[in-house]
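In case you want the letters, here they are:
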Amino acid sequence: MENQRLGRLVLVIYPLQGHATPVLQLGDVLHSKGFAITIAHTRFNPPNPSNHPHFSFLLLPDNLPYSDTSQTPSVDDFEAINRDCHAPLQELLELKEQRVDCQVVGIIFDSLMYFAATVADHIKIPRLVFMTSNAAFYQAFAAIPRLMAEGFFPFQDSMLHEIVPQQYPLRFKDLPVLRENMDMMQKLIDLASNFQKFSAIILNTVDFLEQSSLLQLQQQYQVPVFQVGPLSKLAPAISTSFLKEDSNCIAWLDNQTANSVLYVSKGSLSMSDSKELTETFWGLANSGQSFLWVVRPGSVSGSEWTEVLPKDFKEIIGERGLIVKWAPQKEVLTHSAVGGFWSHCGWNSTMESLSEGVPMICSPQFFDQKVIARYITHEWKVGLELDGELERGGIERCIRTLMVGKNGAEMRERATELKQMTSVSIHEGGSSYNSLIELTEFLLANNI
Ligand code: UDX
(Lines give C-alpha, C1' and ligand atoms only; values in the text may rest on other atoms or scores of the structure.)
Protein backbone atom coordinates (compact mmCIF):
# COMPACT_ATOMS: atom_id res chain seq x y z
CA MET A 1 0.00 0.00 0.00
CA GLU A 2 1.43 3.37 -1.05
CA ASN A 3 0.10 5.11 2.10
CA GLN A 4 2.09 2.71 4.26
CA ARG A 5 5.29 3.89 2.61
CA LEU A 6 7.85 6.06 4.40
CA GLY A 7 6.96 9.09 2.33
CA ARG A 8 6.92 10.13 -1.32
CA LEU A 9 10.01 11.27 -3.20
CA VAL A 10 9.70 13.26 -6.40
CA LEU A 11 12.53 12.54 -8.85
CA VAL A 12 12.94 15.08 -11.65
CA ILE A 13 14.63 13.70 -14.77
CA TYR A 14 16.32 15.50 -17.68
CA PRO A 15 15.17 14.16 -21.08
CA LEU A 16 18.45 12.61 -22.26
CA GLN A 17 19.22 8.88 -22.05
CA GLY A 18 22.41 9.19 -19.98
CA HIS A 19 20.62 11.48 -17.52
CA ALA A 20 17.27 9.67 -17.21
CA THR A 21 18.66 6.15 -16.78
CA PRO A 22 20.50 6.59 -13.45
CA VAL A 23 17.66 8.65 -11.92
CA LEU A 24 15.10 5.97 -12.82
CA GLN A 25 17.45 3.36 -11.34
CA LEU A 26 17.80 5.44 -8.17
CA GLY A 27 13.98 5.57 -8.04
CA ASP A 28 13.87 1.77 -8.10
CA VAL A 29 16.46 1.51 -5.35
CA LEU A 30 14.69 4.04 -3.09
CA HIS A 31 11.35 2.32 -3.75
CA SER A 32 12.92 -0.89 -2.46
CA LYS A 33 13.90 1.08 0.68
CA GLY A 34 10.25 1.89 1.35
CA PHE A 35 9.61 5.23 -0.37
CA ALA A 36 6.81 5.92 -2.82
CA ILE A 37 8.27 7.35 -6.03
CA THR A 38 6.94 9.97 -8.43
CA ILE A 39 8.89 10.66 -11.62
CA ALA A 40 8.50 14.20 -12.97
CA HIS A 41 9.41 14.23 -16.66
CA THR A 42 9.09 16.30 -19.80
CA ARG A 43 6.76 15.49 -22.68
CA PHE A 44 9.85 14.89 -24.82
CA ASN A 45 11.59 11.55 -24.16
CA PRO A 46 9.19 10.34 -21.43
CA PRO A 47 10.03 7.14 -19.52
CA ASN A 48 7.90 4.10 -20.33
CA PRO A 49 5.41 3.77 -17.41
CA SER A 50 4.81 0.08 -18.14
CA ASN A 51 8.46 -0.61 -17.24
CA HIS A 52 7.91 1.03 -13.84
CA PRO A 53 4.40 0.07 -12.68
CA HIS A 54 5.28 0.90 -9.06
CA PHE A 55 6.03 4.59 -9.87
CA SER A 56 3.60 7.41 -10.44
CA PHE A 57 4.38 10.02 -13.08
CA LEU A 58 4.02 13.80 -13.38
CA LEU A 59 4.09 15.20 -16.89
CA LEU A 60 5.74 18.63 -17.11
CA PRO A 61 4.74 20.74 -20.13
CA ASP A 62 8.19 21.49 -21.63
CA ASN A 63 7.25 23.33 -24.84
CA LEU A 64 10.18 21.60 -26.60
CA PRO A 65 9.86 21.47 -30.38
CA TYR A 66 10.90 17.79 -30.74
CA SER A 67 8.92 14.76 -31.63
CA ASP A 68 11.40 11.91 -31.87
CA THR A 69 14.18 10.55 -29.71
CA SER A 70 16.98 11.01 -32.25
CA GLN A 71 16.86 14.73 -31.52
CA THR A 72 18.83 16.26 -28.69
CA PRO A 73 17.75 19.25 -26.62
CA SER A 74 20.07 22.22 -27.18
CA VAL A 75 21.53 24.65 -24.68
CA ASP A 76 18.59 27.00 -25.10
CA ASP A 77 16.25 24.11 -24.40
CA PHE A 78 17.92 23.38 -21.10
CA GLU A 79 17.23 26.94 -19.96
CA ALA A 80 13.72 26.91 -21.44
CA ILE A 81 12.85 23.68 -19.59
CA ASN A 82 13.91 25.29 -16.30
CA ARG A 83 11.86 28.37 -17.03
CA ASP A 84 8.72 26.61 -18.29
CA CYS A 85 8.51 23.67 -15.90
CA HIS A 86 8.84 25.55 -12.62
CA ALA A 87 5.24 26.70 -12.16
CA PRO A 88 3.67 23.45 -13.39
CA LEU A 89 5.77 21.32 -11.00
CA GLN A 90 4.87 23.57 -8.08
CA GLU A 91 1.16 23.51 -8.91
CA LEU A 92 1.13 19.76 -9.47
CA LEU A 93 2.86 19.11 -6.16
CA GLU A 94 0.58 21.47 -4.25
CA LEU A 95 -2.43 19.69 -5.72
CA LYS A 96 -0.91 16.35 -4.86
CA GLU A 97 -0.24 17.44 -1.29
CA GLN A 98 -3.96 18.14 -0.82
CA ARG A 99 -5.22 14.75 -1.98
CA VAL A 100 -2.47 12.39 -1.48
CA ASP A 101 -1.93 9.11 0.00
CA CYS A 102 1.48 9.95 1.37
CA GLN A 103 3.37 13.12 2.05
CA VAL A 104 6.10 14.37 -0.32
CA VAL A 105 9.29 14.26 1.77
CA GLY A 106 11.93 15.32 -0.71
CA ILE A 107 12.78 16.28 -4.27
CA ILE A 108 15.75 14.68 -6.01
CA PHE A 109 16.59 16.43 -9.25
CA ASP A 110 19.09 16.07 -12.07
CA SER A 111 21.58 18.94 -11.77
CA LEU A 112 20.31 20.30 -15.12
CA MET A 113 16.77 20.56 -13.68
CA TYR A 114 17.73 23.14 -11.04
CA PHE A 115 14.27 24.80 -11.07
CA ALA A 116 13.15 21.91 -8.86
CA ALA A 117 15.24 23.32 -5.99
CA THR A 118 13.06 26.42 -5.69
CA VAL A 119 9.94 24.28 -5.83
CA ALA A 120 11.31 22.23 -2.92
CA ASP A 121 12.01 25.45 -0.99
CA HIS A 122 8.46 26.60 -1.54
CA ILE A 123 7.04 23.33 -0.19
CA LYS A 124 9.72 23.32 2.55
CA ILE A 125 11.18 19.91 1.86
CA PRO A 126 14.80 18.83 1.27
CA ARG A 127 16.25 19.30 -2.20
CA LEU A 128 18.86 16.79 -3.22
CA VAL A 129 20.84 17.14 -6.42
CA PHE A 130 21.69 14.05 -8.46
CA MET A 131 24.90 14.44 -10.45
CA THR A 132 24.95 12.10 -13.45
CA SER A 133 28.70 12.10 -14.03
CA ASN A 134 31.56 11.03 -11.77
CA ALA A 135 33.12 12.77 -8.79
CA ALA A 136 36.46 13.37 -10.56
CA PHE A 137 34.68 15.26 -13.32
CA TYR A 138 32.82 17.57 -10.91
CA GLN A 139 35.98 18.12 -8.94
CA ALA A 140 37.92 19.02 -12.13
CA PHE A 141 35.07 21.24 -13.26
CA ALA A 142 35.04 23.03 -9.91
CA ALA A 143 38.76 23.79 -10.38
CA ILE A 144 38.20 25.67 -13.63
CA PRO A 145 37.36 29.09 -12.12
CA ARG A 146 40.63 28.87 -10.13
CA LEU A 147 42.59 27.91 -13.25
CA MET A 148 40.97 30.82 -15.09
CA ALA A 149 41.89 33.22 -12.29
CA GLU A 150 45.47 31.94 -12.35
CA GLY A 151 45.70 32.83 -16.06
CA PHE A 152 45.75 29.32 -17.58
CA PHE A 153 42.89 30.14 -19.97
CA PRO A 154 42.73 30.21 -22.90
CA PHE A 155 45.50 27.60 -22.96
CA GLN A 156 47.81 27.15 -25.94
CA ASP A 157 47.85 23.93 -27.98
CA SER A 158 51.45 23.46 -26.82
CA MET A 159 50.11 22.90 -23.27
CA LEU A 160 47.58 20.21 -24.20
CA HIS A 161 49.73 17.31 -22.98
CA GLU A 162 50.95 18.98 -19.78
CA ILE A 163 49.52 17.85 -16.44
CA VAL A 164 47.16 20.44 -14.91
CA PRO A 165 48.49 21.79 -11.57
CA GLN A 166 46.77 19.99 -8.64
CA GLN A 167 44.68 17.89 -11.03
CA TYR A 168 46.79 14.78 -11.63
CA PRO A 169 46.27 12.65 -13.78
CA LEU A 170 44.47 15.20 -15.97
CA ARG A 171 46.27 16.95 -18.83
CA PHE A 172 44.99 20.25 -20.16
CA LYS A 173 43.44 18.35 -23.09
CA ASP A 174 41.35 16.31 -20.60
CA LEU A 175 39.79 19.30 -18.87
CA PRO A 176 36.01 19.51 -19.22
CA VAL A 177 36.02 22.75 -21.15
CA LEU A 178 33.59 23.66 -23.90
CA ARG A 179 36.18 25.67 -25.83
CA GLU A 180 33.73 26.34 -28.67
CA ASN A 181 30.93 27.46 -26.33
CA MET A 182 32.28 29.55 -23.45
CA ASP A 183 28.83 31.02 -22.91
CA MET A 184 27.42 27.60 -22.02
CA MET A 185 30.57 26.90 -20.03
CA GLN A 186 29.93 29.96 -17.85
CA LYS A 187 26.31 28.87 -17.31
CA LEU A 188 27.48 25.46 -16.11
CA ILE A 189 30.08 27.04 -13.80
CA ASP A 190 27.34 29.21 -12.28
CA LEU A 191 25.16 26.13 -11.90
CA ALA A 192 27.91 24.19 -10.10
CA SER A 193 28.57 27.12 -7.77
CA ASN A 194 25.04 26.57 -6.39
CA PHE A 195 25.64 23.01 -5.29
CA GLN A 196 26.42 24.07 -1.71
CA LYS A 197 22.90 25.48 -1.42
CA PHE A 198 21.35 22.06 -1.84
CA SER A 199 20.55 19.69 1.02
CA ALA A 200 22.78 16.91 -0.28
CA ILE A 201 24.55 15.56 -3.36
CA ILE A 202 23.98 12.06 -4.77
CA LEU A 203 26.40 10.40 -7.18
CA ASN A 204 26.31 7.13 -9.11
CA THR A 205 29.82 6.16 -8.10
CA VAL A 206 31.75 3.88 -5.77
CA ASP A 207 33.88 5.07 -2.88
CA PHE A 208 37.00 3.00 -3.65
CA LEU A 209 37.19 4.35 -7.22
CA GLU A 210 36.94 8.02 -6.31
CA GLN A 211 37.78 8.42 -2.65
CA SER A 212 39.92 11.54 -3.02
CA SER A 213 37.55 13.33 -5.45
CA LEU A 214 34.58 12.52 -3.20
CA LEU A 215 36.39 13.95 -0.20
CA GLN A 216 37.27 17.12 -2.10
CA LEU A 217 33.65 17.51 -3.26
CA GLN A 218 32.47 17.22 0.32
CA GLN A 219 34.99 19.82 1.47
CA GLN A 220 34.13 22.15 -1.37
CA TYR A 221 30.34 22.08 -1.04
CA GLN A 222 30.02 21.33 2.70
CA VAL A 223 26.90 19.20 2.30
CA PRO A 224 26.46 15.42 2.69
CA VAL A 225 27.62 13.49 -0.37
CA PHE A 226 26.08 10.05 -0.95
CA GLN A 227 27.84 7.71 -3.38
CA VAL A 228 25.30 5.01 -4.26
CA GLY A 229 26.71 3.29 -7.33
CA PRO A 230 26.79 1.37 -9.45
CA LEU A 231 23.05 1.90 -9.79
CA SER A 232 22.98 -0.51 -12.74
CA LYS A 233 23.87 -3.29 -10.24
CA LEU A 234 21.66 -2.09 -7.39
CA ALA A 235 18.50 -1.56 -9.42
CA PRO A 236 16.52 -4.41 -11.00
CA ALA A 237 17.32 -5.08 -14.67
CA ILE A 238 14.50 -3.03 -16.17
CA SER A 239 14.93 -1.36 -19.56
CA THR A 240 15.20 2.43 -19.37
CA SER A 241 15.98 2.88 -23.10
CA PHE A 242 14.25 5.54 -25.16
CA LEU A 243 15.18 3.58 -28.31
CA LYS A 244 14.04 0.03 -29.06
CA GLU A 245 16.64 -2.49 -27.91
CA ASP A 246 17.63 -5.18 -30.42
CA SER A 247 17.69 -8.29 -28.23
CA ASN A 248 18.67 -10.61 -31.13
CA CYS A 249 22.28 -9.72 -30.40
CA ILE A 250 22.12 -11.78 -27.19
CA ALA A 251 21.42 -14.96 -29.19
CA TRP A 252 24.36 -14.02 -31.44
CA LEU A 253 26.59 -13.54 -28.37
CA ASP A 254 25.49 -16.96 -27.08
CA ASN A 255 27.29 -18.51 -30.07
CA GLN A 256 30.63 -16.75 -29.41
CA THR A 257 33.44 -18.00 -27.19
CA ALA A 258 34.30 -16.40 -23.83
CA ASN A 259 35.94 -12.95 -23.94
CA SER A 260 36.13 -13.03 -27.76
CA VAL A 261 33.78 -10.16 -28.68
CA LEU A 262 34.53 -6.44 -28.68
CA TYR A 263 31.38 -4.44 -27.93
CA VAL A 264 31.40 -1.02 -29.63
CA SER A 265 29.01 1.74 -28.60
CA LYS A 266 29.33 5.51 -28.33
CA GLY A 267 26.24 6.21 -26.20
CA SER A 268 23.17 8.28 -26.92
CA LEU A 269 24.64 11.65 -27.94
CA SER A 270 27.91 11.18 -29.81
CA MET A 271 28.08 11.96 -33.50
CA SER A 272 30.50 10.92 -36.25
CA ASP A 273 30.96 11.50 -39.97
CA SER A 274 31.10 9.09 -42.89
CA LYS A 275 34.94 9.01 -42.85
CA GLU A 276 35.05 8.02 -39.19
CA LEU A 277 32.38 5.35 -39.69
CA THR A 278 34.26 3.89 -42.65
CA GLU A 279 37.62 3.90 -40.83
CA THR A 280 35.95 2.28 -37.83
CA PHE A 281 34.46 -0.39 -40.07
CA TRP A 282 37.80 -1.26 -41.69
CA GLY A 283 39.60 -1.15 -38.36
CA LEU A 284 37.11 -3.64 -36.92
CA ALA A 285 37.12 -5.81 -40.05
CA ASN A 286 40.93 -5.91 -40.34
CA SER A 287 41.45 -6.62 -36.63
CA GLY A 288 40.31 -10.19 -37.12
CA GLN A 289 38.35 -9.99 -33.84
CA SER A 290 34.60 -10.54 -33.39
CA PHE A 291 32.54 -7.46 -32.68
CA LEU A 292 29.07 -6.24 -31.80
CA TRP A 293 28.75 -2.65 -33.02
CA VAL A 294 25.96 -0.20 -32.15
CA VAL A 295 25.44 2.44 -34.84
CA ARG A 296 22.67 4.68 -33.54
CA PRO A 297 20.33 5.86 -36.34
CA GLY A 298 21.04 9.54 -37.06
CA SER A 299 24.48 9.45 -35.42
CA VAL A 300 26.40 9.71 -38.71
CA SER A 301 26.00 13.16 -40.18
CA GLY A 302 24.33 13.07 -43.59
CA SER A 303 23.23 9.41 -43.24
CA GLU A 304 20.24 7.66 -41.78
CA TRP A 305 22.21 4.63 -40.67
CA THR A 306 25.05 2.59 -42.27
CA GLU A 307 24.60 3.57 -45.95
CA VAL A 308 28.18 4.84 -46.22
CA LEU A 309 29.68 1.40 -45.50
CA PRO A 310 30.80 -0.76 -48.46
CA LYS A 311 27.78 -2.36 -50.16
CA ASP A 312 29.12 -5.85 -49.43
CA PHE A 313 29.96 -5.08 -45.78
CA LYS A 314 27.97 -8.07 -44.51
CA GLU A 315 29.97 -10.46 -46.71
CA ILE A 316 33.22 -8.84 -45.56
CA ILE A 317 32.53 -9.37 -41.87
CA GLY A 318 30.55 -12.60 -42.25
CA GLU A 319 29.60 -14.25 -38.96
CA ARG A 320 32.34 -12.39 -37.14
CA GLY A 321 30.51 -9.09 -36.71
CA LEU A 322 27.04 -7.79 -35.97
CA ILE A 323 25.80 -4.22 -36.34
CA VAL A 324 22.66 -3.12 -34.46
CA LYS A 325 20.82 0.16 -33.96
CA TRP A 326 20.57 -0.03 -30.16
CA ALA A 327 21.54 -2.86 -27.83
CA PRO A 328 20.41 -4.00 -24.38
CA GLN A 329 23.81 -2.73 -23.19
CA LYS A 330 23.68 -3.83 -19.57
CA GLU A 331 22.82 -7.38 -20.63
CA VAL A 332 25.53 -7.28 -23.32
CA LEU A 333 28.20 -6.26 -20.82
CA THR A 334 27.27 -9.09 -18.43
CA HIS A 335 27.60 -11.65 -21.24
CA SER A 336 30.65 -13.92 -20.91
CA ALA A 337 31.41 -13.60 -24.65
CA VAL A 338 32.19 -9.88 -24.29
CA GLY A 339 35.89 -9.32 -23.64
CA GLY A 340 36.23 -5.60 -24.36
CA PHE A 341 34.23 -2.41 -24.75
CA TRP A 342 35.18 0.37 -27.18
CA SER A 343 33.36 3.31 -25.64
CA HIS A 344 32.97 7.09 -25.71
CA CYS A 345 33.35 6.91 -21.90
CA GLY A 346 29.98 8.27 -20.84
CA TRP A 347 29.72 7.74 -17.09
CA ASN A 348 26.86 5.22 -17.22
CA SER A 349 28.66 3.09 -19.80
CA THR A 350 31.85 3.30 -17.76
CA MET A 351 30.18 2.21 -14.52
CA GLU A 352 28.38 -0.59 -16.36
CA SER A 353 31.70 -1.78 -17.83
CA LEU A 354 33.76 -1.49 -14.64
CA SER A 355 31.17 -3.35 -12.60
CA GLU A 356 31.19 -6.23 -15.09
CA GLY A 357 34.99 -6.48 -15.31
CA VAL A 358 35.17 -5.49 -19.00
CA PRO A 359 38.34 -3.59 -20.04
CA MET A 360 37.89 -0.67 -22.41
CA ILE A 361 39.14 1.24 -25.44
CA CYS A 362 38.53 4.91 -24.73
CA SER A 363 37.50 7.37 -27.45
CA PRO A 364 36.02 10.31 -25.53
CA GLN A 365 34.23 12.95 -27.55
CA PHE A 366 33.57 15.86 -25.24
CA PHE A 367 33.24 17.31 -21.74
CA ASP A 368 33.10 14.78 -18.86
CA GLN A 369 34.03 11.92 -21.19
CA LYS A 370 37.61 13.24 -21.46
CA VAL A 371 38.06 13.25 -17.67
CA ILE A 372 36.51 9.79 -17.36
CA ALA A 373 38.70 8.37 -20.16
CA ARG A 374 41.84 9.65 -18.44
CA TYR A 375 40.82 8.01 -15.15
CA ILE A 376 40.07 4.72 -16.94
CA THR A 377 43.48 4.67 -18.63
CA HIS A 378 45.73 6.26 -15.97
CA GLU A 379 44.07 5.85 -12.58
CA TRP A 380 42.12 2.60 -12.75
CA LYS A 381 44.35 1.28 -15.57
CA VAL A 382 41.66 -0.78 -17.26
CA GLY A 383 41.65 0.85 -20.68
CA LEU A 384 43.63 2.03 -23.69
CA GLU A 385 43.39 5.53 -25.12
CA LEU A 386 42.31 5.80 -28.76
CA ASP A 387 42.01 9.52 -29.18
CA GLY A 388 42.17 12.07 -31.98
CA GLU A 389 41.33 11.33 -35.60
CA LEU A 390 40.39 7.66 -35.98
CA GLU A 391 42.13 5.74 -38.76
CA ARG A 392 41.89 2.05 -39.58
CA GLY A 393 45.52 1.09 -38.82
CA GLY A 394 45.47 2.62 -35.34
CA ILE A 395 42.06 1.12 -34.60
CA GLU A 396 43.17 -2.34 -35.71
CA ARG A 397 46.31 -2.22 -33.52
CA CYS A 398 44.40 -0.96 -30.48
CA ILE A 399 41.72 -3.67 -30.81
CA ARG A 400 44.35 -6.42 -31.06
CA THR A 401 46.20 -5.06 -28.03
CA LEU A 402 43.04 -5.09 -25.92
CA MET A 403 41.56 -8.35 -27.12
CA VAL A 404 44.59 -10.61 -27.59
CA GLY A 405 47.65 -8.66 -26.38
CA LYS A 406 49.58 -8.98 -23.11
CA ASN A 407 48.56 -5.44 -22.11
CA GLY A 408 44.91 -6.31 -22.70
CA ALA A 409 45.20 -9.45 -20.59
CA GLU A 410 46.63 -7.40 -17.69
CA MET A 411 43.81 -4.89 -18.00
CA ARG A 412 41.24 -7.69 -18.02
CA GLU A 413 42.75 -9.04 -14.82
CA ARG A 414 42.65 -5.61 -13.20
CA ALA A 415 39.05 -5.08 -14.43
CA THR A 416 38.08 -8.39 -12.81
CA GLU A 417 39.53 -7.12 -9.51
CA LEU A 418 37.48 -3.91 -9.81
CA LYS A 419 34.37 -5.97 -10.51
CA GLN A 420 34.95 -7.92 -7.31
CA MET A 421 35.56 -4.76 -5.29
CA THR A 422 32.40 -3.22 -6.75
CA SER A 423 30.44 -6.28 -5.74
CA VAL A 424 31.76 -5.97 -2.17
CA SER A 425 30.69 -2.30 -2.07
CA ILE A 426 27.02 -3.04 -2.84
CA HIS A 427 26.61 -5.89 -0.38
CA GLU A 428 25.98 -5.64 3.36
CA GLY A 429 28.72 -3.61 5.04
CA GLY A 430 30.04 -2.23 1.72
CA SER A 431 30.43 1.51 1.04
CA SER A 432 27.54 1.94 -1.41
CA TYR A 433 25.30 -0.28 0.71
CA ASN A 434 26.06 1.90 3.75
CA SER A 435 25.72 5.13 1.80
CA LEU A 436 22.22 4.10 0.71
CA ILE A 437 21.24 3.47 4.32
CA GLU A 438 22.63 6.90 5.25
CA LEU A 439 20.69 8.51 2.39
CA THR A 440 17.48 6.86 3.60
CA GLU A 441 18.13 8.01 7.18
CA PHE A 442 18.92 11.51 5.94
CA LEU A 443 15.59 11.70 4.07
CA LEU A 444 13.67 10.47 7.09
CA ALA A 445 15.52 12.62 9.64
CA ASN A 446 14.79 15.74 7.64
CA ASN A 447 11.09 15.11 7.47
CA ILE A 448 9.26 12.78 9.77
C1 UDX B 1 25.86 11.54 -21.37
C2 UDX B 1 27.31 11.64 -20.85
O3 UDX B 1 28.25 11.16 -21.76
C4 UDX B 1 27.44 11.07 -19.49
O5 UDX B 1 28.78 11.01 -19.03
C6 UDX B 1 26.59 11.92 -18.61
O7 UDX B 1 26.79 11.67 -17.28
C8 UDX B 1 25.15 11.70 -19.03
O9 UDX B 1 25.00 12.10 -20.37
P10 UDX B 1 25.66 9.35 -22.93
O11 UDX B 1 26.63 10.03 -23.80
O12 UDX B 1 24.44 8.84 -23.54
O13 UDX B 1 25.35 10.25 -21.65
O14 UDX B 1 26.48 8.09 -22.32
P15 UDX B 1 26.28 7.18 -21.05
O16 UDX B 1 26.38 7.96 -19.80
O17 UDX B 1 27.24 6.09 -21.22
O18 UDX B 1 24.78 6.65 -21.15
C19 UDX B 1 24.33 5.83 -22.19
C20 UDX B 1 23.32 4.84 -21.65
O21 UDX B 1 22.66 4.26 -22.77
C22 UDX B 1 23.95 3.71 -20.84
O23 UDX B 1 23.19 3.45 -19.68
C24 UDX B 1 23.88 2.50 -21.79
O25 UDX B 1 23.69 1.27 -21.13
C26 UDX B 1 22.70 2.85 -22.65
N27 UDX B 1 22.84 2.24 -24.00
C28 UDX B 1 23.76 2.70 -24.88
C29 UDX B 1 22.00 1.20 -24.33
O30 UDX B 1 21.17 0.77 -23.52
N31 UDX B 1 22.12 0.65 -25.57
C32 UDX B 1 23.02 1.07 -26.49
O33 UDX B 1 23.05 0.52 -27.60
C34 UDX B 1 23.88 2.14 -26.13
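Residues numbered from 1 in each chain as written. Predicted model: local features only at pLDDT ≥ 70, side-chain atom pairs only at ≥ 80, totals over all residues.

You'll find the chain entered in an unreviewed UniProt entry as UDP-glucose iridoid glucosyltransferase-like, with Daucus carota subsp. sativus given as the organism. As stated in UniProt under Pathway (unreviewed entry), the record for the chain gives "Secondary metabolite biosynthesis; terpenoid biosynthesis." (UniProt positions renumbered as here; feature names shortened; annotations may be inferred.)

> If you had to explain the site of the ligand to someone new, which residues and values would you point to?
Every one of the 24 residues lining the ligand counts as a neighbour, but Gly18, Gly267, Gln329, Gly346 and Ser349 are closest to it. Looking at the shell around the ligand, the elements with two or more residues in it are helix H1 (17-32), helix H13 (329-334), helix H14 (347-354) and helix H15 (368-378). Of the residues that constitute the shell around the ligand, the class distribution is 6 nonpolar, 15 polar and 3 charged. (Near = placed C-beta within 6 Å. Helix = DSSP H or I, 4+ residues; strand = E, 2+ residues; numbered from the N terminus. Nonpolar A, V, L, I, M, F, W, Y, C, P; charged D, E, K, R; others polar.)

> Account for the sheet that holds strand S10 (residues 321-324), naming residues and giving values.
With parallel pairing, 6 strands are arranged side by side in an open sheet as S10-S9-S8-S11-S12-S13. Edge positions in the open sheet fall to S10 and strand S13 (383-385), since each of these has one partner strand only. Across the sheet, the mean angle separating the axes of adjacent strands is 15° when strand polarity is ignored. Relative to S10, strand S9 (residues 290-294) is paired through 4 bridges, and the arrangement is parallel. Counted as the bridge partner of Val294 is Val324 from S10. (Pairing = 2+ DSSP bridges. Axes fitted to C-alpha atoms, helices over the stretch in contact; angles between N-to-C directions.)

> Before we move on, can you summarise unusual backbone geometry with the specific residues and values?
Of the consecutive residues Phe153 and Pro154, the connecting peptide bond is found in the cis state with omega at -10°. Within the secondary structure, Pro154 sits in the loop between helix H6 (144-149) and helix H7 (182-192). The residue after Tyr168, namely Pro169, is reached through a cis peptide bond having omega 10°. Along the chain, Pro169 turns up in the loop between H6 and H7. Phi is positive for Lys124, close to 60°, though the residue is something other than glycine. Relative to the helices and strands, Lys124 resides in the loop between helix H4 (115-123) and strand S5 (127-131). Here Gln222, not a glycine, exhibits a phi torsion of approximately 55°, which is positive.

> Describe the pairing of strand S8 (residues 261-265), with residues and values.
Among the 5 residues that make up S8, 5 are buried, leaving the element largely enclosed by the rest of the structure. Neither face of S8 is left uncovered, since the one carrying Val261, Tyr263 and Ser265 and the one carrying Leu262 and Val264 both have all their residues buried. Pairing between S8 and S9: 4 bridges, direction parallel. Bridge pairing in S9 places Tyr263 opposite Leu292. (Buried ≥ 20, exposed ≤ 12 C-beta atoms within 10 Å, placed from the backbone.)

> How would you explain helix H16 (residues 392-404) if you had to name every residue and give the values?
If you check H16, its first and last C-alpha atoms are 18 Å apart, about what 13 residues at 1.5 Å a residue would give, namely 18 Å. Taken together, the buried positions of H16 are occupied by Ile395, Cys398, Ile399, Leu402 and Met403. Seen from one end, H16 has its buried residues packed into an arc of 115°, which puts them on one side. Elements that come into contact with the buried residues of H16 comprise S8, helix H11 (274-287), strand S11 (338-343), strand S12 (360-362), S13 and helix H17 (406-426). (Expected span 1.5 Å × (residues − 1). Arc of directions from axis to C-beta. Contact = placed C-beta atoms within 7 Å.)

> Lay out the packing of H11 against H16 in plain terms, naming residues and giving numbers.
Closest axis-to-axis distance for the H11/H16 pair is 8 Å, and the angle between their directions is 45°. Judged by the inter-axis angle, H11 sits oblique to H16. For the crossing formed where H11 meets H16, the hand is right-handed. Residues Glu279, Thr280, Trp282, Gly283, Leu284, Asn286 and Ser287 of H11 touch H16, and the partners they reach there are Arg392, Ile395, Glu396, Ile399 and Arg400. (Parallel < 35°, antiparallel > 145°, perpendicular 65-115°, else oblique. Left-handed = near helix turned anticlockwise from the far one by under 90°.)

> For the environment of Ile426, give the residues involved together with the corresponding values.
Within the secondary structure, Ile426 is located in helix H17. Separated by 10 residues in sequence, Ile426 and Leu436 place their C-alpha atoms 9.3 Å apart. Setting aside residues up to four positions removed in sequence, Ile426 forms contacts with Lys233, Leu234, Ser432 and Tyr433.

> Report on the nonpolar core, specifying residues and quantitative values.
Core analysis: the biggest nonpolar cluster contains 121 residues, and Leu11, Ala116, Ile201, Ile202 and Leu292 have the highest contact counts within it. At 6 residues, helix H5 (residues 135-142) tops the list of elements feeding residues into this core. Leave out the neighbours within four places in its chain, and Ala116 touches Val12, Leu89, Ile107, Phe109 and Arg127. (Core = buried A, V, L, I, M, F, W, Y, C linked by C-beta atoms within 7 Å.)

> Go over the sheet that holds strand S6 (residues 200-203) with me, naming the residues and quoting the values.
Here we have 7 strands laid out as an open sheet, ordered S3-S2-S1-S4-S5-S6-S7, and parallel in their pairing. Strands with a single pairing partner mark the edges of an open sheet, and in this sheet they are strand S3 (56-60) and strand S7 (225-227). If you compare each strand with its neighbour and ignore which way they point, the axes differ by 25° on average. Inspection of the sheet shows strand S1 (residues 8-12) paired to strand S4 (residues 104-110) by 5 bridges, in the parallel sense. Paired with Leu11 across the two strands is Ile108, which belongs to S4.

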